[in-house]
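Structure assessment
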Amino acid sequence: MTTDMDMQAIKRRVWAIYFEDGLFEIFMGFALFFGGAMLFRPTFVIFAPIMLSGALAFQKAKKRYVASRVGYVKPSSEGRKGRLATLVILVLLFGVLVFALLMARQKGYTIGAGGWLLEGIGWAADQLPIILGLILAGIFALFAQRAGSARLAGYALLFALGGVLFRLLKLSLEDQSKLLLMSCGAVLIVAGAIRFIWFLRSHPILPEEGPDERA
Amino acid sequence: MSAPKAGGQGSGAKELETIANLDRTIHSPARFMILAYLYMVESADFTFLMRETGLTRGNLSSHMSTLEEAGYIVVQKEFVDKKPLTLLRISDKGRAAFRAYRESLMRVLGEMPE
């Protein structure tokens, strides 16, 4: 029986197990790929419901393929509830940010005195791929820190660099941003799929849990 | 659990009373481990807890029943592809009891001389 009861170590281990199977990468990969493809189009409004459906499919896949091998665990984030609400808010904020930056750029940003905010937004709009890369890097760095995962930290570094590299491409700002998100998504889908196949092969299905197991 | 009345009225007797008042439902290594895991997660299934705690199926089942009877955990059964999945999560009562147990234990141990 294990006697090590370091609560923070438990938390880190739970997150590490959660990310072990590669399903999170696949889910995030699809979200970024389709999010990138829909960016700057009116269809972007259906991105939030698509994300929610994806999150449900992700939970179902966890229960179907992972629970029978290593067990099922759902880590708690800051609070026990409100993870779904956090996801929706993040998606909405992301959408608002992108559209605000785009609109500011289209309308110009030197509007009268005291237009420093718009000027700032305008400047940020011109660096949109870098900002998107940094947002993605921040999300993955947070998860990497929670799980103590070098793999997730690697993605964070890759996305931060990707933001800078895509900004240097001789394309419109919109295309740079779209391509960045779609490329990051594609990388995650491929890496996640490889990881998931490895997980299925290296973790055999455990004997079934009997319905009368409880005393 | 009811606390035995301490005979002496000194500070030592008070500390002993704290130890005697520790929640016995939690005061077992196995149940403490189960609650510690559930305290840190939103929910976990039977297989996950079995792997992480190193308890046998029967042992975990028995401790799970004790914790459920005390109202410290909520057990939910569901079927995924016709296979049973037993999900466990800590209840508000269990969370409060675990926190109180941890604080009592830390207080007692913190006051102990090196």
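The rules behind these values
- Residues numbered from 1 in each chain as written.
- Chains lettered and ligands numbered in written order.
- Predicted model: local features only at pLDDT ≥ 70, side-chain atom pairs only at ≥ 80, totals over all residues.
- Heavy atoms only, no water.
- Helix = DSSP H or I, 4+ residues; strand = E, 2+ residues; numbered from the N terminus.
- Buried < 20%, exposed > 50% of the residue type's maximum accessible area, 1.4 Å probe, protein only.
- Contact = heavy atoms within 4.5 Å.
- Areas by Shrake-Rupley, 256 points an atom, 1.4 Å probe, with all protein chains shown as cover.
- Pairing = 2+ DSSP bridges.
- Axes fitted to C-alpha atoms, helices over the stretch in contact; angles between N-to-C directions.
- Patch = residues over 30% accessible without salt bridge, like charges linked within 9 Å, V, L, I, M, F, W, Y side chains within 5 Å.
- Salt bridge = Lys/Arg side-chain N within 4 Å of Asp/Glu carboxyl O.
- pLDDT = per-residue confidence, 0-100.
- Phe/Tyr/Trp six-rings, centres within 6.5 Å; stacked < 30°, edge-to-face > 60°.
- Core = buried A, V, L, I, M, F, W, Y, C linked by side-chain atoms within 4.5 Å.
- Expected span 1.5 Å × (residues − 1).
- Buried area = accessible area lost by both parts, 1.4 Å probe.
- Polar contact = N/O pair within 3.5 Å; in protein donor to acceptor, adjacent residues only side chain to side chain.
- Nonpolar A, V, L, I, M, F, W, Y, C, P; charged D, E, K, R; others polar.

On to the overall build of chain B. Looking only at helices and strands, chain B features five helices and three strands. Going from the N terminus to the C terminus, chain B shows its helices and strands as α-α-β-α-α-β-β-α. The burial tally for chain B puts 48% of its 114 residues in the buried class. A sequence separation of at least 24 residues applies to 50% of the contacts in chain B between residues at least 6 apart. When the accessible surface of chain B is split by element, carbon and sulfur atoms take 53% of a total near 6,100 Å².

Before going further, it helps to examine the sheet that holds strand β1 (residues 41–45) of chain B. Here four strands make up an open sheet; going across it, the order is β1(A)-β1(B)-β3(B)-β2(B) and the pairing antiparallel. Each edge of the sheet is formed by a strand with only one pairing partner; in this case those strands are β1 (73–75) of chain A together with β2 (73–80) of chain B. On average, each strand axis in the sheet is inclined to that of its neighbour by 20°, with strand direction left out of account. One ladder, built from two bridges, connects β1 of chain B with strand β3 (residues 83–90) of chain B; its direction is antiparallel. From the neighbouring strand, Ala-44 of chain B faces β3 of chain B, where its bridge partner is Leu-88 of chain B. This element, helix α1 (residues 7–20) of chain A, spans β1 of chain A together with β1 of chain B of the sheet and lies at about 120° to β1 of chain A.

With that out of the way, let us pick up a nonpolar patch on the surface. Together, Val-45, Ile-46 and Ile-50 of chain A give the surface a local cluster of nonpolar side chains, amounting to about 270 Å² of exposed area. Residue Val-45 of chain A is classed as exposed on the basis of its relative accessible area of 67%.

Turning our eyes to something else, we now look at the pattern of salt bridges. All told, the structure shown has six salt bridges over all chains when counted by the stated rule. The salt bridge partner of Arg-13 of chain A is Glu-52 of chain B, with a shortest N-O separation of 2.5 Å. Linking Arg-13 of chain A in helix α1 with Glu-52 of chain B in helix α3 (residues 46–53), this pair reaches from one chain into another. We classify Arg-13 of chain A as partly exposed; its relative accessible area is 41%. Among the residues examined, Glu-52 of chain B registers a relative accessible area of 5% and is labelled buried.

So, on to the confidence of the model for chain B. Residue and element names in this part refer to chain B. Looking at chain B, the pLDDT average stands at 83 and 83% of residues meet or exceed 70. Taken element by element, the predicted model of chain B shows its lowest mean pLDDT in helix α1 (residues 11–20) (65) and its highest in helix α4 (residues 57–69) (93). Low confidence marks residues 1–8, where pLDDT is under 50. Its contacts with residues over four positions away, or in another chain, come to eight contacts. Interface confidence for the predicted complex, expressed as ipTM, amounts to 0.77; the pTM equals 0.76.

What follows is about the packing of aromatic side chains. Residue and element names in this part refer to chain A. Scanning the entire structure with this criterion turns up 20 aromatic pairs over all chains. Relative to Phe-140, the ring of Phe-24 has its centre 6.2 Å away and its plane inclined at 55°; by these criteria the two rings are tilted. One end of the pair, Phe-24, is in helix α2 (residues 23–38); the other, Phe-140, is in helix α6 (residues 128–147), and 116 residues separate them in sequence. A relative accessible area of 0% means that Phe-140 is categorised as buried.

Moving on, we get to the nonpolar core. With 44 residues, the main nonpolar core has Phe-19 and Phe-140 of chain A as its most contacted residues. If we ignore the near neighbours within four places in the chain, the residues touching Phe-140 of chain A are Phe-24, Met-28, Leu-152, Tyr-155, Ala-156, Phe-159 and Leu-188 of chain A. In this structure, Leu-38, Tyr-39, Val-41 and Phe-46 of chain B belong to the second largest nonpolar core, which totals 34 residues.

Another aspect to go through is α4 of chain B. Residues and elements named next belong to chain B. In this model, α4 (13 residues) spans 18 Å end to end at C-alpha, consistent with the 18 Å of a helix rising 1.5 Å per residue. Along α4, the positions that sit buried rather than exposed are Leu-60, Ser-61, His-63, Met-64, Ser-65 and Leu-67. Turning to α4, the residues buried within the fold contact α2 (29–40), α3, β2 and β3. Positive backbone phi, at 80°, marks Gly-71, one or two positions downstream of α4.

Taken together, the contact pairs 31 residues of chain A with 38 residues of chain B. Overall, the association of chain A and chain B removes approximately 3,300 Å² of surface from exposure, summing both partners, and the carbon and sulfur fraction of that is 56%. Summed over the shared surface of chain A and chain B, the result is four salt bridges. With a closest N to O distance of 2.6 Å, Arg-64 of chain A and Asp-81 of chain B form a salt bridge. There are seven residue pairs in polar contact (both at pLDDT 80 or more) connecting chain A and chain B. Take the side of chain A that touches chain B: its biggest share by element is six residues, from α1 of chain A. Residues belonging to the side of chain A that touches chain B are distributed by class as follows: 15 nonpolar, four polar and twelve charged. As paired strands, β1 of chain A and β1 of chain B are joined by three bridges and run antiparallel to one another. Looking across to β1 of chain B, one finds that Pro-75 of chain A is bridged to Val-41 of chain B.

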